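# Descriptive structure summary
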Amino acid sequence: MAEVEYDLVVVGGGVLGTFHAYHAHKAGLKVALLEKDHKPQGATVRNFGQVVPSGMNTKWQRYGRKSLRIYKKIQSKLDISVRQEGSIYLASDDEEMQLLEELRQINKDNEYMSILFTKAQCLSRYRGLSPNYVKGGLFFPEEITVEPRVMIARVQHYLRKKGVHIFYSAQVVECLEMARGVTVHVADGRSFMAKKVIICNGSDFKTLYPTVFKESDLEVSKLQMLLTKPQPNFMLPGSILTGLSIRRYEAFAECPSYLAIKNREDDDTPEKKWGVHILFKQTVDGHIILGDSHEYADAERMDDLGFDLNMEIDDLILAKAREIFQLPTYDIAQRWYGLYSQCKSKDIYQNTIERNIHIVTGIGGKGMTGSAGFAREHINQLFNI
Ligand SMILES: Cc1cc2nc3c(=O)[nH]c(=O)nc-3n(C[C@H](O)[C@H](O)[C@H](O)COP(=O)(O)OP(=O)(O)OC[C@H]3O[C@@H](n4cnc5c(N)ncnc54)[C@H](O)[C@@H]3O)c2cc1C
């Protein structure tokens, strides 16, 4: 009989799986990470790379603030593309300004630093910002951005050097709980033995446990993104979130005025139809990532989301973005979409399939922000650390 090779096998090399492997390794466990593609291709490499605990509810802000510390700690040892340039929420009317003031008070109570900016301060810090759009802003100086593709590749490289075994092109097709541990079978015939398995499969619901996912309340969201050509002589620091994000993000749902403001909204608008809100982030090489939109389908019907890009959505994102910033160029270099999974009833999906086989996915739109902090607590719980 094969010896137990690993304390933990993590299935899925996105941000959630990678940080589970990271914390398990830190805790002294022998870890393998199995990723089905030759390098990660999921939500983790298709996003903005905004690490914004300020946008999360109180529970996830806690994980997000832990993640900030973890990213910064790793960055102090090796460059994983972390830039601390803060995040700003830009209000476009009095209601959004009211929500910013209330969020500032909530964060003061939570001892999380935020600074209210006047219109003039916003205009002087953010070049190209339209004076017709902005009323004021709320700035979170501790927040960071990462370049998602660089960050995940470098963290995995670091883990490899530290002794975590990472296998790419390793699609896990079966996990079997045996008396002495779990056998993990890969499509190409390889198998691994582990005391525990954690499955962080993102939105792949067809390979492992399809029936379990079919019966869950998981849904998949499709988000459209655009990348401008490099902006000549133009710097847009940090994460820029605007009025529609203020009206959408969980953090603001904790503000006293939120419900009344939501109730006054017109539900029959193109931005509501496509779940559009406007975010900007400049990449290290000068492009600006613009997004995004949200279309939803239940896990078992996710193919209904299609593989094409809806140009009506792109046009809407661009028109709204132009109202907010006059960028040197709105020429588009790339367009793509990403998918993430989320639960309808809970903030994350966790399911212990057998004693030592645990699924964790459905982290929704908060994975780049919350995964590092959440994974640490989850590893500590599962291994009684
Ligand atoms: C367009 C877009 C923009 C976003 N912007 C932000 C942002 O700015 N900030 C933020 O905090 N969050 C953001 N998010 C959310 C964030 O990207 C996700 O929450 C996060 O990446 C989810 O990570 P994950 O590891 O769960 O999933 P994924 O990144 O999808 O990773 C799952 C991995 O598991 C692998 N896998 C699946 N099944 C198997 C199997 N059987 N065997 C082996 N491997 C398998 C897949 O190949 C994949 O690599 C955004 C998401 C999208 C789509």
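Calculation criteria
- Residues numbered from 1 in each chain as written.
- Predicted model: local features only at pLDDT ≥ 70, side-chain atom pairs only at ≥ 80, totals over all residues.
- Near = placed C-beta within 6 Å.
- Helix = DSSP H or I, 4+ residues; strand = E, 2+ residues; numbered from the N terminus.
- Nonpolar A, V, L, I, M, F, W, Y, C, P; charged D, E, K, R; others polar.
- Expected span 1.5 Å × (residues − 1).
- Buried ≥ 20, exposed ≤ 12 C-beta atoms within 10 Å, placed from the backbone.
- Arc of directions from axis to C-beta.
- Axes fitted to C-alpha atoms, helices over the stretch in contact; angles between N-to-C directions.
- Parallel < 35°, antiparallel > 145°, perpendicular 65-115°, else oblique.
- Contact = placed C-beta atoms within 7 Å.
- Pairing = 2+ DSSP bridges.
- Domains from an automatic or database assignment.
- Core = buried A, V, L, I, M, F, W, Y, C linked by C-beta atoms within 7 Å.

A few words on the site of the ligand. Near the ligand, the surroundings consist of 44 residues, among which Gly14, Gly42, Gly202, Gly338 and Gly367 are the closest. Elements with a minimum of two residues in the shell around the ligand: α1 (15-26), β12 (218-228), β17 (332-343) and α12 (367-382). By residue class, the composition of the shell around the ligand is 16 nonpolar, 21 polar and 7 charged.

Right, let's talk about helix α11 (residues 311-324) for a bit. For an α-helix, the turn length of 3.6 residues means that residues three or four places apart are oriented alike. Here α11 contains 14 residues, and its C-alpha end-to-end distance of 20 Å stays within 8% of the 20 Å for a straight helix at 1.5 Å per residue. Within α11 the residues assigned to the buried category are Ile313, Leu316, Ile317, Ala321 and Ile324. Seen end-on, α11 carries its buried residues on one side only, within an arc spanning 130°. For α11, the exposed residues set more than 90 degrees away from the buried face come down to Met311, Glu312, Asp315 and Ala319.

This part takes up the packing of helix α2 (residues 58-77) against α12. One can describe the packing of α2 onto α12 by two numbers: an axis separation of 6 Å at closest approach and a directional angle of 90°. If you check the angle between α2 and α12, you find them roughly perpendicular. The segment α2 lies against α12, with Trp60, Tyr63, Gly64, Lys66, Ser67, Ile70 and Tyr71 engaging Thr369, Gly370, Ser371, Ala372, Gly373, Phe374 and Arg376. Looking at the contact of α2 with α12, its residues break down into 6 nonpolar, 6 polar and 2 charged.

Looking at the element boundaries, Lys30 is found in the loop between α1 and β2 (31-34). The spatial distance from the C-alpha of Lys30 to the C-alpha of His277 is 42 Å, given a sequence separation of 247 residues. Dropping the residues within four chain positions of it, Lys30 is found in contact with Tyr6 and Asp7.

This part takes up helix α3 (residues 94-109). Here α3 spans 23 Å end to end across 16 residues, near enough to the 22 Å set by a 1.5 Å rise per residue. Taken residue by residue, α3 has Glu95, Glu96, Met97, Leu99, Leu100 and Leu103 as its buried positions. Considering only its buried residues, α3 is in contact with β4 (87-91), β5 (115-118), β6 (136-140), α7 (243-246), α8 (250-253) and α9 (258-263). Where α3 ends, the next residue or the one after it, Glu111, has phi of about 55°, a positive value.

Once that is clear, we can look at the pairing of strand β18 (residues 349-354). Where β18 meets strand β19 (residues 357-361), 5 bridges bridge the pair, whose relative direction is antiparallel. Residue pairing in the sheet places Thr352 in a bridge with His358 of β19. Between β18 and β19, which pair antiparallel and follow one another directly, the connecting turn spans 2 residues.

Another point: the domain arrangement of the chain. According to the domain assignment, the chain contains domain 1 (1-82 + 145-216 + 347-385) and domain 2 (87-141 + 218-344). Using only C-alpha atoms to locate each centre, domain 1 and domain 2 end up separated by 27 Å. Between domain 1 and domain 2, the residue contacts involve 30 residues of the former and 32 residues of the latter. Of all the secondary-structure elements, those providing two or more residues to the side of domain 1 that touches domain 2 are α2 and α6 (210-214). Residue composition of the side of domain 1 that touches domain 2, by class: 8 nonpolar, 18 polar and 4 charged.

This part covers the nonpolar core. Counting 104 residues, the largest nonpolar core has Val9, Val10, Val31 and Val197 as its most contacted members. Element by element, the count of residues in this core is highest for α1, at 6 residues. Counting only domains with at least three residues in this core, you end up with domain 1 (1-82 + 145-216 + 347-385) and domain 2 (87-141 + 218-344). Beyond its immediate chain neighbours, meaning those up to four positions away, Val197 contacts Val9, Val11, Cys175, Val182, Val184, Asn356 and Ile357.

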